[in-house]
Amino acid sequence: MVSQMISCLSKSSSLFCNSGSRSLIPPKTHNRGGLCRFSTGFATRRLSTVYRRKQRSACISNSWKETGGEGKLQGGGSEWRILERWEVPWEWQTVSLTSLACGLSFVLTGLTEMVALPYLGIDVQKLSLDDKAEILFLDQGLTTLAVLAVIFTVAKTFEPLPEDILRYDLKQPFNLQKGWLVWSGIGLVGAVGAIALTGVALSLFRTETPEREVDSLMKLLPLIGSSNISTLSLVGITGVLAPLLEETVFRGFFMVSLTKWVPTPIAIIISAAAFALAHLTPGEFPQLFILGSVLGLSYAQTRNLITPMVIHGFWNSGVILLLTFLQVQGYDIKELLLQGN
């Protein structure tokens with residue numbers, strides 16, 4: 001910044017030269033009767049001095065803007081990163097069509113696999129639990145690739161993108177302001193505490209026994225704890241592939257896009273609601289909404305998708321590993337889950 005100021009001042013040196021050498025000579029004064037009168041050329045030289053000072057201030061201001069000073073002021077500084085918006089290069093038409101394309105890719109990938117398996121001579125009903133777990137892992141992998149291909153193909157048409165859009169960065173994990181590991185830990189602890197309090201509050205206000213839902217976790221119960229292959233496949237699905245897909249879609253694209261029209265906190269709330277609704281489990285909406293909000297806040301703070309991915313991954317895989325441990329200890333995890341509803 002100092003070098004830019006010096007350069008800027010050197011460029012405006014002609015302003016000093018244009019006033020001539022007399023600008024360096026102090027004005028003559030005449031003391032008559034105790035009154036101080038200025039020479040006729042003083043007013044002109046005084047205006048020239050004021051003009052030079054304004055030019056110098058403008059140079060310093062422009063140099064400060066170029067180095068990012070204005071951005072820090074508008075964004076509230078690094079202490080309020082969660083209030084800063086992204087510089088979104090696309091319009092609402094792109095957001096709508098891309099979201100539709102992601103949904104179609106998700107559905108078509110599943111339909112294609114359903115058609116392809118019988119064609120390949122694979123009877124899902126006759127497969128072992130390990131084979132089913134491996135097919136589930138393959139299914140999630142193909143779905144993740146298809147949806148991410150849509151998002152990155154669209155994003156590529158807007159290159160060069162701002163550096164904080166669709167960013168996966170493993171550097172500086174312990175930075176207090178934007179370290180992904182630091183804020184992953186903070187977010188995970190906050191999510192666990194907030195969701196626990198939400199569960200307690202809901203249980204106090206419930207007057208009827210909630211309906212028992214058959215969600216994705218209930219469908220995975222036969223695979224939990226059945227073998228090491230099944231456990232590793234489930235952890236890979238819930239701890240790696242699902243967070244990569246969902247955080248890129250709901251936080252990296254959808255939430256970021258919303259900040260073009262609404263403040264970042266509002267975008268966090270809307271994306272968290274969409275995230276909860278997409279799981280198609282109305283009974284779990286409050287907990288999923290809280291989790292989505294924490295994920296959005298952590299991403300807004302660090303501008304790094306690794307942060308919500310780590311929180312999401314630990315949350316999902318932690319549930320699988322806990323249920324596996326309980327299964328090994330002889331607990332009926334199905335009954336535990338149904339009681340938890």
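Reading the values: the criteria
- Residues numbered from 1 in each chain as written.
- Predicted model: local features only at pLDDT ≥ 70, side-chain atom pairs only at ≥ 80, totals over all residues.
- Heavy atoms only, no water.
- Helix = DSSP H or I, 4+ residues; strand = E, 2+ residues; numbered from the N terminus.
- Buried < 20%, exposed > 50% of the residue type's maximum accessible area, 1.4 Å probe, protein only.
- Contact = heavy atoms within 4.5 Å.
- UniProt positions renumbered as here; feature names shortened; annotations may be inferred.
- Expected span 1.5 Å × (residues − 1).
- Bend = angle between axes of the 7 residues up to and from the residue.
- Phe/Tyr/Trp six-rings, centres within 6.5 Å; stacked < 30°, edge-to-face > 60°.
- Lys NZ or Arg CZ within 6 Å of the ring centre and 35° of its normal.

Looking at the overall build of the chain
A count of helical and extended segments in the chain gives 13 helices and two strands. Counting across all 341 residues of the chain, residues that qualify as buried make up 34%. Long-range pairs, those at least 24 residues apart, make up 74% of the contacts in the chain with a sequence separation of at least 6.

Description of the UniProt feature "transmembrane region" (unreviewed entry) in the chain
The UniProt record annotates "transmembrane region" (unreviewed entry) at residues 95-120, 140-159, 180-205, 225-245, 266-285 and 305-326. Helix makes up 96% of residues 95-120 and strand makes up 0%, while its end C-alpha atoms are separated by 37 Å. Secondary structure across residues 140-159 comprises 85% helix and 0% strand; the distance between its end C-alpha atoms is 28 Å.

With respect to helix α9 (residues 228-258)
Over its 31 residues, α9 runs 42 Å from end to end, which matches the ideal 45 Å to within 8%, given 1.5 Å per residue. Bending of α9 peaks at approximately 40° at the position of A242, with proline P243 no more than four residues after it. Most of α9 is tucked away: 24 of the 31 residues are buried.

Comments concerning helix α11 (residues 285-302)
When the terminal C-alpha atoms of α11 are compared, their 26 Å separation across 18 residues agrees well with the 26 Å that a helix rising 1.5 Å per residue should span. Immediately downstream of α11, the backbone of R303 shows phi near 55°, a positive value.

Details of the packing of aromatic side chains
Overall, the coordinates contain six aromatic pairs when judged by the stated rule. Where F152 meets Y168, the ring centres are 6.4 Å apart and the plane angle is 35°; that geometry is what we call tilted. With F152 in helix α6 (residues 129-156) and Y168 in the loop between α6 and α7 (180-205), this residue pair connects regions lying 16 residues apart in the sequence. Ring centres of F285 and F289 lie 6.0 Å apart, and the angle between their planes is 15°; this geometry places the pair in the stacked category. Here F285 and its partner F289 are both found in helix α11, four residues apart, which amounts to about one turn of the helix. Given the relative accessible area of 23%, F289 is considered partly exposed. Here the aromatic cluster, defined as three or more aromatic residues joined through ring pairs, consists of W90, F158 and F253. Between R251 and the ring centre of F275, over which it is positioned, the NZ or CZ distance is 4.6 Å.

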